[in-house]
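Structural overview for review
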Amino acid sequence: MGNWKLHTTRSCAESLAGAVVDVVTRENPPLEIALAPPFTFLAIVARVIEGSPVGLAAQDVFWEDEGAYTGEISAPMLADVGCKYCIVGHSERRRHFGETDHQVARKVSACLRHQLIPIVCVGESLAEREKGRAEDVVRRQVKAALVAVEEGQVVPVIAYEPVWAIGTGRAASPEDAARMSRVIREAVDELLGSNAGQRVRVLYGGSVNPGNVRGFAAEPDIDGALVGGASLRPDTFIPLVRAFAPGGSRR
Ligand code: PGA
């Protein structure tokens, strides 16, 4: 999944999505591929990817469906414009906008009420890692975010994104990311039971690029990647898609 964050213009969004659609339509890798443009370009990208295997994702959502909440965008609005996925609880939202675990859980519920697949972001800060608290923090974030998920509902996708690795060029090692993926699976199992930990898809995010992607793709516990900077150009995003395609560069 490419997370374009606060980047692109209308024409750039159109041509970037078009370039991804061209390659993905031609190669048709057995993967889920999605793009998360800024809200104002969702409808434009929806038109470009229509009929292709590329899915549409939002970068955030508000937890109420409608009401007097100036500036917010709701899950039914996202579903209406064609979103299939929604990123929830990205560390940039937690840090710059004070999003709490409780708010993240409400956003997850809103997504599930409207058949959007939440991509829940979790990850420790550098200080937390240095204090040896990384696993505890991630476990707490996972359990808090999924607390309102009910039996029979879709299990959200979890993206492990250590804060110190995002946009820094300093990715986690594939081994560390895979270890944390197993911690996440354990936490999901403890909370939801029924083997949900094995079924949950875990992405890694944080400075993934064409030079390091193979290491992540080779880890059986890592199901995909959530990509910021490298998703803004076809020549850096497409190699990531290929790396995760079975029979491609994976393993
Ligand atoms: P990055 O961002 O790939 O630019 O590090 C990842 C993310 O924030 O999802």
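As a starting point, this report considers the structure included with it. None of these values were measured; they are calculated from a predicted model.

1. A closer look at the sheet that holds strand β1 (residues 2-3)
Through backbone hydrogen bonds, the strands of a sheet pair up, either in parallel or in antiparallel fashion. Overall, parallel pairing links the eight strands, which are arranged β1-β2-β3-β4-β5-β6-β7-β8 in an open sheet. Of all the strands in the sheet, the pair left with one neighbour each is β1 and β8 (224-226). Bridge count between strand β7 (residues 202-205) and β8: three bridges; the pairing is parallel. When the sheet's bridge partners are listed, glycine 205 is paired in β8 with leucine 226.

2. Some thoughts on the nonpolar core
Counting residues in each nonpolar core, the largest one holds 68 residues, and the members touching the most others are Val142, Ile184 and Tyr204. Here this core gets seven residues from one element, more than from any other, and that element is helix α8 (residues 174-192). Those residues in contact with valine 142, other than ones at most four positions away along the chain, are Val122, Ile158, Ile184, Ala187 and Val188. One finds Ile117, Ile119, Leu203 and Leu226 within the second-largest nonpolar core, a separate group that totals 13 residues.

3. Some remarks on unusual backbone geometry
At threonine 8, a position not held by glycine, the phi torsion is positive, near 85 degrees. Along the chain, the position of threonine 8 falls in the loop between β1 and α1 (10-27). Despite not being glycine, glutamine 115 has its phi angle at roughly 60 degrees, a positive value. With respect to the secondary-structure elements, glutamine 115 resides in the loop between α5 (101-113) and β5 (117-122).

4. Observations concerning the pattern of salt bridges
Counted according to the given criterion, the structure contains 22 salt bridges. Ionic pairing is found between arginine 139 and aspartate 136, a salt bridge with its closest N-O pair at 3.3 Å. A residue pair is termed a helical-turn pair when its members lie 3 or 4 positions apart in one helix, as arginine 139 and aspartate 136 do in helix α7 (residues 134-145) at three residues. With its nearest N and O atoms 3.2 Å apart, the salt bridge here joins arginine 185 to aspartate 221. Of the two residues, arginine 185 sits in helix α8 while aspartate 221 sits in the loop between α10 (213-217) and β8, which places them 36 residues apart along the sequence. With respect to class, arginine 185 is no different from aspartate 221; both count as buried. Look at the salt bridges and you will find they share partners, linking Asp60, Arg93, Glu99 and Lys107 into a network.

5. Focus: the site of the ligand
Taken together, 13 residues lie around the ligand, and Lys5, His90, Glu161, Gly167 and Ser207 are the ones closest in. The separation between an oxygen atom of the ligand and a polar main-chain atom of serine 207 is 2.7 Å. At 2.8 Å, a backbone N or O of glycine 229 approaches an oxygen atom of the ligand. Relative to its unbound accessible surface of 280 Å², the ligand loses 94% to contact with the protein.

Cut-offs applied
- Residues numbered from 1 in each chain as written.
- Predicted model: local features only at pLDDT ≥ 70, side-chain atom pairs only at ≥ 80, totals over all residues.
- Heavy atoms only, no water.
- Pairing = 2+ DSSP bridges.
- Helix = DSSP H or I, 4+ residues; strand = E, 2+ residues; numbered from the N terminus.
- Core = buried A, V, L, I, M, F, W, Y, C linked by side-chain atoms within 4.5 Å.
- Buried < 20%, exposed > 50% of the residue type's maximum accessible area, 1.4 Å probe, protein only.
- Contact = heavy atoms within 4.5 Å.
- Salt bridge = Lys/Arg side-chain N within 4 Å of Asp/Glu carboxyl O.
- Near = heavy atom within 4 Å.
- Polar contact = N/O pair within 3.5 Å; in protein donor to acceptor, adjacent residues only side chain to side chain.
- Areas by Shrake-Rupley, 256 points an atom, 1.4 Å probe, with all protein chains shown as cover.

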